[in-house]
Amino acid sequence: MRRQLHIVGLGPAGILAAHRAASRPSMSDLHIVGWDPEGPNLKGTLCCFQRQLPTWFPDAAIAQRCTVSVEFDSGRLVLDDDYLVISPQLSQLLGGYEVRQERWPDAPDGETVDTPVLCCMPRTKPMTARQFAIGVIIPEDALPRKHRYPVMMDWTAPEFADAAASDDEVAATFSYRIPVGNGQWLIQETVLATEKPWAEVLPYLEAQLAARLQKLDVDGAQQPWPREVVDFPLGPEHVVNSAAVFSSQHGWMHPATGYSFGALAEDVDRMLDEFIGRLGGVAVNGARGQTRRKGLRPLSRVLTERLHRIGLALLLSLSPVQTRQFFECFFALGPDVVRNYMITTDPTMTAKLMFRLWLRLLMKHPELAWKCVRAACGF
């Protein structure tokens, strides 16, 4: 009987890990079992850049390819890499493992079990900083032709009655407008990062979305279009790097933007190589799915994540007007900087990009530059 490897949690991280573990010759002696009461599940629209996906990722799992732009008050910037929308059928395309649609049975406290367990679900205290968004999925013919181009971030104000560009805003929002396949588009209004409660942000987001649809000449009144709601923490309160865990909530997420799928996909094979090296004689705690050795993230990703947390701390300190000023300076650095900041795991490159942005802020908005310094110092 083959030894079993248990993957606990079958969201995007668990699906990727279970599929690759079942596909790799180096793990052929293991029977892969995925555990989740919901079964393999994807929630919301998942996207990444082409260069983040490994060669084994099937084309059939890509619902849409497009080139996205960012927009701000003084212009528009087109990013030069394919932006991909992941198919909602991903779990059917990435299989090869046994699925148990039930909760992983925790071992009694203090008891260890002689079987490897990889936890792919959040098991740490989440941060108070969250990302919120509300969107609608509309048929293509409901979006006027002049607006049918993909936009990853539109920071221009939707100009609704409550003066969206004033400091009285609940938070700065941007519009996200992309084709998602099957002749449909997602139009979503997003608060990138906030510590305000959902109940306070929700009515504001609803008003912003309605104003955005009006600005795009989309008649959203009385339409039974599918809605999409985004509400997730931008990471755990403290990233634990001493556990056999693999998920967006354990360091495979960009804490200043919320992007995670590309990071998971590009690192899953390296992570499994690291995990395989531990399987010989390593006790695994059945209650927490943790080994007693160092974590699965490389040092470069740990350092990059810490730099990104400085960016998150800065975003949380900005007023809505300052947020738009910040992103206008960021986008002015060019498409390579914008894209690379979101996807690179090289801490040296990340630090250089952040320093270039700081210099531009120092020239254009000195008060924002010194807010960057305070964020870096932790106050």
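Refer to the preceding data block for the structure.
No experiment lies behind these values; they were computed from the predicted model shown. (Residues numbered from 1 in each chain as written. Predicted model: local features only at pLDDT ≥ 70, side-chain atom pairs only at ≥ 80, totals over all residues. Heavy atoms only, no water.)

Break down the pairing of strand E12 (residues 151–154) for me, citing the residues and quoting the values.
Across three bridges, strand E5 (residues 69–72) lies against E12 in parallel orientation. Across the sheet, residue Ser 69 finds its bridge partner in E12, namely Val 151. For E12 and strand E13 (residues 174–181), the ladder comprises two bridges, and the chain directions are antiparallel. Bridging across to E13, Val 151 finds its partner in Arg 177. (Pairing = 2+ DSSP bridges. Helix = DSSP H or I, 4+ residues; strand = E, 2+ residues; numbered from the N terminus.)

Which residues make up the sheet that holds strand E4 (residues 62–66), and what values go with them?
The strands that make up a sheet pair up through hydrogen bonds in the backbone, lying either parallel or antiparallel. Overall, antiparallel pairing links the three strands, which are arranged E3-E7-E4 in an open sheet. A single partner strand is all that each edge strand has here, and the edge strands are strand E3 (47–49) and E4. With strand direction ignored, the average angle separating the axes of adjacent strands in the sheet is 25°. The pairing of E4 with strand E7 (residues 83–86) spans four bridges and is antiparallel. (Axes fitted to C-alpha atoms, helices over the stretch in contact; angles between N-to-C directions.)

Please give an account of helix H9 (residues 366–377) that cites residues and values.
Taking 1.5 Å of rise per residue, 12 residues should cover 16 Å, and H9 covers 17 Å from first to last C-alpha, within 8% of that figure. The set of residues buried in H9 consists of Leu 368, Ala 369, Lys 371, Cys 372 and Ala 375. Around the axis of H9, the buried residues are gathered within 155° of arc, so they sit on the same side. Against the buried residues of H9 lie helix H5 (299–317), helix H6 (320–331) and helix H8 (347–364). Positive backbone phi, at 85°, marks Gly 378, one or two positions downstream of H9. (Expected span 1.5 Å × (residues − 1). Buried < 20%, exposed > 50% of the residue type's maximum accessible area, 1.4 Å probe, protein only. Arc of directions from axis to C-beta. Contact = heavy atoms within 4.5 Å.)

Any details on the pattern of salt bridges? Residues and values, ideally.
Taken as a whole and judged by the stated rule, the model has 21 salt bridges. The residue Arg 24 makes a salt bridge to Asp 273 at a minimum N-O spacing of 2.0 Å. Of the two residues, Arg 24 is situated in the loop between helix H1 (12–23) and strand E2 (30–35) and Asp 273 in helix H4 (residues 261–276); the sequence distance between them amounts to 249 residues. Note on Arg 24: relative accessible area 10%, which makes it buried. Relative accessible area serves as the criterion here: at 45%, Asp 273 is assigned to the partly exposed category. Between Arg 309 and Glu 305 there is a salt bridge, with its nearest N and O atoms 2.6 Å apart. A residue pair is termed a helical-turn pair when its members lie 3 or 4 positions apart in one helix, as Arg 309 and Glu 305 do in helix H5 at four residues. On the basis of relative accessible area, Arg 309 is assigned to the partly exposed category, the value being 22%. One salt-bridge network, in which partners are shared between bridges, spans Arg 20, Arg 24, Asp 269 and Asp 273. (Salt bridge = Lys/Arg side-chain N within 4 Å of Asp/Glu carboxyl O.)

Quick one: what's the story with the side chain of Gln 188, residue by residue and with numbers?
Locating Gln 188 in the fold gives a position in strand E14 (residues 184–194). For Gln 188, a relative accessible area of 6% corresponds to the buried category. Here Gln 188 is in contact with Ala 133, Ile 134, Gly 135, Phe 174, Ser 175, Tyr 176, Glu 228 and Val 230, once residues within four sequence places are set aside.

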